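# Remarks on the overall topology
Here are the chains, one letter per residue:
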Amino acid sequence: MSSTTGPGTGASAAYQPSCRARWSGGQPIRQLMACALENPDLISLAVGLVDPETLPTAVARDALAALFQDSRTARAALQYGTTPGHPPLREWLVQRTAEADLSGPPLAPDQVVITAGSNQLLHLVSESLLDPGDIVLCASPTYFVYLGLLAGLGVHATGVAGDAYGMIPEALEETLGRFEAAGELARVKAVYLVPYFDNPAGTTMPRQRRAAVVEIAKRWSQRHKIHVISDEAYRELRYEGEDLPSPRVWDDEADTVIVAGTFSKSFSPGIRVGWGILPRHLIGPVNEQKGNVDFGSPNFNQYLMAKVLELGLWEPHLQRIRAGYRQKLATALAAAEEHLGPLPGIEWIRPQGGLYVWVRLPEGMDAGMSGPLFAAAVRHGVLYVPGEYCYPEVGEPMCRHSLRLSFGVQSCAKIQEGVEKLARAIAAVSRGVC
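Here the structure is a predicted model, which is why all the values come from computation and not from measurement. (Residues numbered from 1 in each chain as written. Predicted model: local features only at pLDDT ≥ 70, side-chain atom pairs only at ≥ 80, totals over all residues. Heavy atoms only, no water.)

## With respect to the sheet that holds strand β13 (residues 385-386)
Strands pair in a sheet through their backbones, by hydrogen bonds, and they do so in one of two ways: parallel or antiparallel. With antiparallel pairing, 4 strands are arranged side by side in an open sheet as β10-β11-β15-β13. Two strands close off the open sheet at either side, each with one partner strand: β10 (347-348) and β13. As paired strands, strand β11 (residues 356-360) and strand β15 (residues 402-406) are joined by 5 bridges and run antiparallel to one another. Each bridged residue has a counterpart across the sheet, and for R360 the counterpart in β15 is S402. (Pairing = 2+ DSSP bridges. Helix = DSSP H or I, 4+ residues; strand = E, 2+ residues; numbered from the N terminus.)

Okay, here's the thing in structure tokens:
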């Protein structure tokens, strides 16, 4: 018998992950979920989910029944939809935006695209704007899932200094100046904001800062466009104070600001209905990217959400969940005052909405996953998100003595207990008894 050599005769070669697969590795959400699964009795103040008791089962049932009363509409809902999304839903969002913001550039339905949650909109926009090696400027701290998304695209996030009111416009100006001086301004393609009840810090940008950031982005766009990505996932979760206009209001030419929104927090994350408001030059690129991904977001879910809105069921539900979260936030802040307040060097931001409380510990106390506090907190029975995950790797220095607490899922009693356990863990680490 003759021997055969060449392809196909030996052991197959090992899998070689793509660049994007390698860039996407090591994201913190997997480590936090693994920790929670390994310790099922923990009180998790880490998970950023909505309260399961608030999920609108009765509202969804009534809307579903109404949707299926007309067989023609039901069949349309069960069919493929269009890539931009269900027209009545997009028209409702145009009207809602006009009512909420009162002013700003005109908005037409073709500038609205429906996505599978706001994270998909962030991904599609990033794919349409950014190449590997480009730079996005983010507040420090910022939404760590978006940092992971950028890393997976080979894009570099740079931290800009922030405070209790979000990104500092003067710091943004200084950062752009440094890139210009280094000959790298052309790499800066976007500024990313979470202007309402920021995840993780709970901050809300005042009007003056919103206007200033848009003005700075426009002024520095002389040689190439720098967009502002306004992630407004938490806008509807306001528990006190007046609503503020979107940064889009100050984009007179409607060519700079991109808005990402979602019904995940204000209605249901399970239906995965989000949206984007786009400058006209991005309508084609984003819809072409989306067409390559899914031909359009799940059509049935869009019809269901549109029916909820048509029947007037969304606003009463929103009022109910606001009342519940308002009580939970008050509990979290009262627990912080009672249990964290007496400990030296601890401070926290008092948000007016959202789902998070941001805590800073004494300098030198490492709250990271590999630091002494995280292990002590787990032993005491509580889980938090280490603040280190929420900082870009370059730019404004990382604050390792920070952490995020989420009050969305737990009951008021569990929130109180969880903060007390965290305080005991902090005290133990301070005494050197870990």
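Structure shown, so let's carry the discussion forward.
## A few points about the nonpolar core
Among the nonpolar cores identified, the biggest contains 105 residues, and F263, M305, L340 and L373 are the most heavily contacted of them. With 10 residues, helix α12 (residues 314-340) is the single largest residue contributor to this core. Excluding anything up to four places from it in sequence, M305 contacts L89, F263, F267, I271, V273 and W314. Ranked by size, the runner-up nonpolar core spans 27 residues in total, among them Y143, L153, L278 and L282. (Core = buried A, V, L, I, M, F, W, Y, C linked by side-chain atoms within 4.5 Å. Buried < 20%, exposed > 50% of the residue type's maximum accessible area, 1.4 Å probe, protein only. Contact = heavy atoms within 4.5 Å.)

## A short note on helix α8 (residues 169-181)
Spanning 13 residues, α8 covers 18 Å between terminal C-alpha atoms, matching the ideal 18 Å at 1.5 Å per step. All of the buried residues in α8 are P169, A171, L172, T175, L176 and F179. Along the long axis of α8, the arc covered by the buried residues comes to 160°, so they all point the same way. More than 90 degrees from the buried face of α8, the exposed residues found are E170, R178 and A181. Buried positions along α8 lie against β3 (135-140), β4 (156-163), β5 (166-167), β6 (188-193) and α9 (207-219). Phi for G183, located one or two positions after α8, is positive at around 75°. (Expected span 1.5 Å × (residues − 1). Arc of directions from axis to C-beta.)

## A few points about the layout of surface pockets
The calculated volume of the largest pocket comes to roughly 740 Å³. Around the largest pocket sit 30 residues that line it, and I29, V47, G48, L49 and Y356 are the ones nearest its centre. Per-element tally for the lining of the largest pocket: the top contributor is helix α2 (residues 28-38), with 5 residues. Among the residues making up the lining of the largest pocket, the classes are represented as 19 nonpolar, 7 polar and 4 charged. Size it by volume and the second largest pocket reaches roughly 610 Å³. (1 Å grid on protein atoms, 1.4 Å probe; cavity = no way out; pocket = protein on both sides within 12 Å on 5 of 7 lines; lining within 4 Å. Points joined across faces, edges and corners; volume = space filled by probe spheres on them. Nonpolar A, V, L, I, M, F, W, Y, C, P; charged D, E, K, R; others polar.)

## Things to note about empty space enclosed by the protein
All chains considered together, the criterion is met by 3 cavities of 30 Å³ or more. Put simply, the largest cavity is a space of about 50 Å³. If you trace the largest cavity, you find it lined by L45, A332, V357, L405, S406, F407, I415 and V419. At the level of elements, β15 and α14 (412-431) are the ones that each hand at least two residues to the lining of the largest cavity.

## Let's talk about the packing of aromatic side chains
Throughout the structure, instances matching the rule amount to 12 aromatic pairs. Aromatic pair F263 and W275: ring centres 4.9 Å apart, planes at 55°, arrangement tilted. You can see F263 sitting in the loop between β8 (257-262) and β9 (274-277) and its partner W275 sitting in strand β9, a full 12 residues away along the chain. The exposure classification of F263 matches that of W275, with both residues buried. (Phe/Tyr/Trp six-rings, centres within 6.5 Å; stacked < 30°, edge-to-face > 60°.)

## Structural notes on the packing of helix α6 (residues 118-129) against helix α7 (residues 144-152)
The geometry of α6 relative to α7 is characterised by a closest axis approach of 11 Å and an angle of 35° between their N-to-C directions. Of the two elements, α6 crosses α7, and the hand of that crossing is right-handed. Of α7, the residues touching α6 (which contributes N119, L122, H123 and S126) are V145, Y146, L149 and L150. Classifying every residue of the contact of α6 with α7 gives 5 nonpolar, 3 polar and no charged. (Axes fitted to C-alpha atoms, helices over the stretch in contact; angles between N-to-C directions. Left-handed = near helix turned anticlockwise from the far one by under 90°.)

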